[in-house]
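# Chain and residue survey
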Amino acid sequence: MDTLDQQLIALLRLDARASVATLALKLKVSRGTVSNRITKLEDTGVINGYTVKLRPDATPNQITAWMSIAVEGNKTREVISILLGEPGVSGLFDTNGRWDLLAELRAPSLGELANVLERVRLIKGIETTETSIHLQSYKLS
């Protein structure tokens, strides 16, 4: 995947129903390029399908984890761009303190979560990470 693929995935994550014409306009490429890229991403399994966003408590068997990320030097923008294209990242947040970014990760199994962690840790510009698996939620009255 190159930068254009990652930008395309980021746009599809925001609105998977966006038209090819809209995506092409936002990416400043032709509709044919967008169509070909989407087909390639689907054929290679990067895009497994399109889905509906659900409340977090509506998917109790899905594994959620939080990854704290420290970024090397001034590579934050590059790292964010890549993370927005990572299918296992369901949310990305800028933070202060010890960590530069906080990524919410979602996966259907521990094996797939391990794959997501491995892909994220290999991103150039990431110095170190720390991951915690979400075990249970509590509601305040």
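A short tour of the structure in this document, coming up. All residue numbers refer to position in the chain's written sequence, counted from 1. Residues qualify for local features only when their pLDDT is at least 70, as the model is predicted, and side-chain atom pairs are given and counted only at 80 or more; totals for whole chains, interfaces and linings, by contrast, use all residues. Computation of side-chain values covers all heavy atoms of the structure but excludes hydrogens and water.

### Comments concerning the side chain of Asp5
Only DSSP runs of H or I reaching four residues or more are called helices, and only runs of E reaching two or more are called strands; each is numbered from the N terminus. Following the sequence through the fold, Asp5 ends up in helix α1 (residues 3–14). For every residue, the accessible area (1.4 Å probe, protein chains only) is compared with the maximum for its type, and the residue is labelled buried under 20%, exposed over 50%, or partly exposed between those bounds. The buried category is assigned to Asp5, whose relative accessible area is 1%. In protein, a polar contact means a hydrogen-donor-capable atom and an acceptor-capable atom, both N or O and within 3.5 Å, with residues adjacent in sequence counting only if both atoms are side-chain atoms; elsewhere, any N or O pair within 3.5 Å suffices. Among the polar contacts made by the side chain of Asp5, one reaches the side chain of Lys40 at a distance of 3.1 Å. When sequence neighbours within four positions are dropped, the list of residues in contact with Asp5 reads Arg37, Lys40 and Leu41. In this analysis, two residues are considered to be in contact whenever any of their non-hydrogen atoms come within 4.5 Å of each other.

### Some thoughts on the pattern of salt bridges
Side chains carrying opposite charge are able to pair once their charged atoms draw close together. Salt bridge, as used here: a side-chain nitrogen of Lys or Arg that lies within 4 Å of a carboxyl oxygen of Asp or Glu. Going through the model one piece at a time under the given rule, you end up with seven salt bridges. Here Arg37 and Asp5 are joined by a salt bridge, their closest N and O atoms 2.9 Å apart. Of the two residues, Arg37 is situated in helix α3 (residues 31–43) and Asp5 in helix α1; the sequence distance between them amounts to 32 residues. Asp5 matches Arg37 in its accessibility class, with the two residues each being buried.

### A closer look at the sheet that holds strand β4 (residues 126–133)
Either a parallel or an antiparallel arrangement is found when strands of a sheet pair, and the pairing is made through backbone hydrogen bonds. The strand order across the open sheet formed by four strands is β2-β3-β1-β4, and the pairing between neighbours is antiparallel. Looking along the sheet, the strands with just one partner apiece sit at the ends: β2 (89–94) and β4. Recorded for the sheet is a direction-independent mean angle of 20 degrees between the axes of neighbouring strands. Note on pairing: DSSP must find at least two bridges between two strands before they are called paired. In this sheet, β4 lies alongside strand β1 (residues 63–71) in antiparallel orientation, the contact comprising seven bridges. Axis lines are fitted to C-alpha atoms, over the contacting stretch for helices. Their N-to-C directions set the angle, which ranges from 0 to 180 degrees.

### Some words on the packing of aromatic side chains
Stacked, edge-to-face and tilted labels apply to pairs of Phe, Tyr and Trp rings (six-membered ring for Trp) whose centres lie within 6.5 Å, assigned for plane angles under 30 degrees, over 60, and everything in between, in that order. Scanning the model with the defined rule gives one aromatic pair in all. Their ring planes at 40 degrees and their centres at 6.4 Å tell us that Trp66 and Phe93 sit as a pair that is tilted. Taken together, the positions of Trp66 in strand β1 and Phe93 in strand β2 put the pair 27 residues apart, joining distant regions of the chain. What makes Trp66 partly exposed here is its relative accessible area of 30%.

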